[in-house]
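For reference, the chains in residue letters:
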Amino acid sequence: MKRPQGFDRSAGSAQPQQPPQQQQQPTVAPPSRREATTEPIPIVRASRVDAAPPAAAHGSVSASGGASAPTSASTSATAERKPAEPYDHLPSNREISRDLRRAKKERAKVERGEVRRFTKRSRRRKIAWFSALGVVVALVLGVTLTAFSPLMALRTIDVTGTSRLDVAAVKKALSDQLGRPLPLVDQGAIRGDLAAFPLIRSYSVESHPPNTIVVRIVERQPIGVLQSGSSFTLVDAAKVSIATADKRQDGYPLITASGAAAETDAKSGFAAAAEVLGALPADLLARVDTISATTADDVSFTLRDSGAKVVWGSADDSSLKVADLSALLKSASTASVFDVSSPHSVTTG
């Protein structure tokens, strides 16, 4: 049976077929994903890229050959894949400068942190040194201000070591120093004031804060008497006059020796006689009546109680000579002459 024209054999029901000219019409496919990604992508910040409105896509052709509208899912995918237009937004010079300043600040902050980390030990050492120096400076400044303040003014003068000197007279001579701060006490003025006392051989001044000084005096020790006409002068080993009287002072030998003291002439007769008197023990010195010497090698003296003469010679080996003389005075007390000038060969007569 002849099939009618316009019906499909495979179709279950009679459907009209498209005309031949319509079946041969090509279908238009939607743009592929590969073609969409070939467009240039502008270099802009993500925050500045605005979503482009979905563009109208090409119509799709159904299986039956008819054109149909694109679905919402395909439209969204196409909109997401479409990049923003190139050079949509360029940063201004102000924004660039602001970003550069911010970057510089961050970099400087990082660098300072690294420097502090690597110099931590040296900074601690410097802090310790400066702290110690500050303490020392503060201490010195405090002591200086205190020392020169009225709190440290001199109010008391103590004098020690005197036996013949009048302590009140010494204090009166030094009274011009009262009221001065201890560091400002005039040592030269004190030396001049004490020089007026011939009995003072040496002295020392000690400061006892807050307002006291102690003057320690070493008096001259008289060793004998020098006769000059009808006056007798008590002198020490330096031949310094201590006291002068019209009669001979008791308890001291009469010195008849030539020459100056040892400070001026160490080989004089007076220097040798003074050295011998200084070497004698107190009990033997008290028995010496007169002592004479013309040179340093012919010292001799007489004893007060017996009038015996002791030939001493030079001042050398005085300790051996003292021992020999002490033994002779016990063994030959009636002798009138004791020669100990040679300590290893003594004689009596």
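Note that this is a predicted model, so its numbers are computed, not measured. (Residues numbered from 1 in each chain as written. Predicted model: local features only at pLDDT ≥ 70, side-chain atom pairs only at ≥ 80, totals over all residues. Heavy atoms only, no water.)

Visitor: Please explain the pattern of salt bridges as it appears in this structure.
Guide: Close approach of charged atoms allows side chains with opposite charge to pair. Scanning the model with the defined rule gives eight salt bridges in all. In this structure, the salt-bridge partner of glutamate 114 is arginine 117, at a minimum N-O distance of 2.7 Å. Residue glutamate 114 and its partner arginine 117 are located together in helix H4 (residues 93-118), separated by three residues, close to a single helical turn. The exposure class assigned to glutamate 114 is partly exposed, which follows from its relative accessible area of 35%. For aspartate 305, the salt bridge identified is with arginine 287, shortest N-O distance 3.0 Å. Here arginine 287 lies in the loop between helix H9 (282-285) and strand E10 (288-293) and aspartate 305 lies in the loop between strand E11 (299-303) and strand E12 (309-313), a separation of 18 residues in the sequence. On the basis of relative accessibility, which here comes to 54%, the residue aspartate 305 falls in the exposed class. (Salt bridge = Lys/Arg side-chain N within 4 Å of Asp/Glu carboxyl O. Helix = DSSP H or I, 4+ residues; strand = E, 2+ residues; numbered from the N terminus. Buried < 20%, exposed > 50% of the residue type's maximum accessible area, 1.4 Å probe, protein only.)

Visitor: Please explain a positive patch on the surface as it appears in this structure.
Guide: A contiguous patch of positive charge on the surface is contributed by Lys120, Arg121, Arg124, Arg125 and Lys126. The residue arginine 121 is located in helix H5 (residues 120-147) in this model. Given the relative accessible area of 69%, arginine 121 is considered exposed. (Patch = residues over 30% accessible without salt bridge, like charges linked within 9 Å, V, L, I, M, F, W, Y side chains within 5 Å. Areas by Shrake-Rupley, 256 points an atom, 1.4 Å probe, with all protein chains shown as cover. Lys, Arg positive; Asp, Glu negative; His and termini not counted. Charge placed at Lys NZ, Arg CZ, Asp CG, Glu CD.)

Visitor: I tried to follow unusual backbone geometry on my own but got confused; where do I start?
Guide: Excluding glycine, residues mostly carry a negative phi; peptide bonds, for their part, are mostly trans. The omega torsion across proline 209 and proline 210 is 10°, close enough to zero to call that bond cis. Looking at the element boundaries, proline 210 is found in the loop between strand E4 (200-208) and strand E5 (212-219). Despite not being glycine, lysine 239 has its phi angle at roughly 65°, a positive value. Look at lysine 239 and you get partly exposed, because its relative accessible area is 32%. We note that aspartate 317 has phi near 55°; this positive angle belongs to a residue other than glycine.

Visitor: Is there a simple way to think about the sheet that holds E4 in this case?
Guide: Hydrogen bonds between backbone groups are what pair the strands of a sheet, and the pairing can be parallel or antiparallel. An order of E3-E5-E4 is seen for the three strands of this open sheet, with the pairing classed as mixed. Lying at the two open borders of the sheet, with one neighbouring strand each, are strand E3 (156-160) and E4. Going from strand to strand, the sheet's axes swing by 20° on average, the running direction of each strand aside. Looking at chain direction, E4 and E5 are connected through eight bridges and run antiparallel. Bridge pairing links tyrosine 203 to isoleucine 217 in E5. This element, helix H7 (residues 187-194), spans E4 and E5 of the sheet and lies at about 145° to E4. (Pairing = 2+ DSSP bridges. Axes fitted to C-alpha atoms, helices over the stretch in contact; angles between N-to-C directions. Contact = heavy atoms within 4.5 Å.)

Visitor: Sorry, what's going on with a nonpolar patch on the surface here?
Guide: Where nonpolar side chains cluster on the molecular surface, the patch consists of Phe130, Leu133 and Val137 and spans about 320 Å² of accessible area. Topologically, valine 137 is positioned in helix H5. Its relative accessible area of 48% is what places valine 137 among the partly exposed residues.

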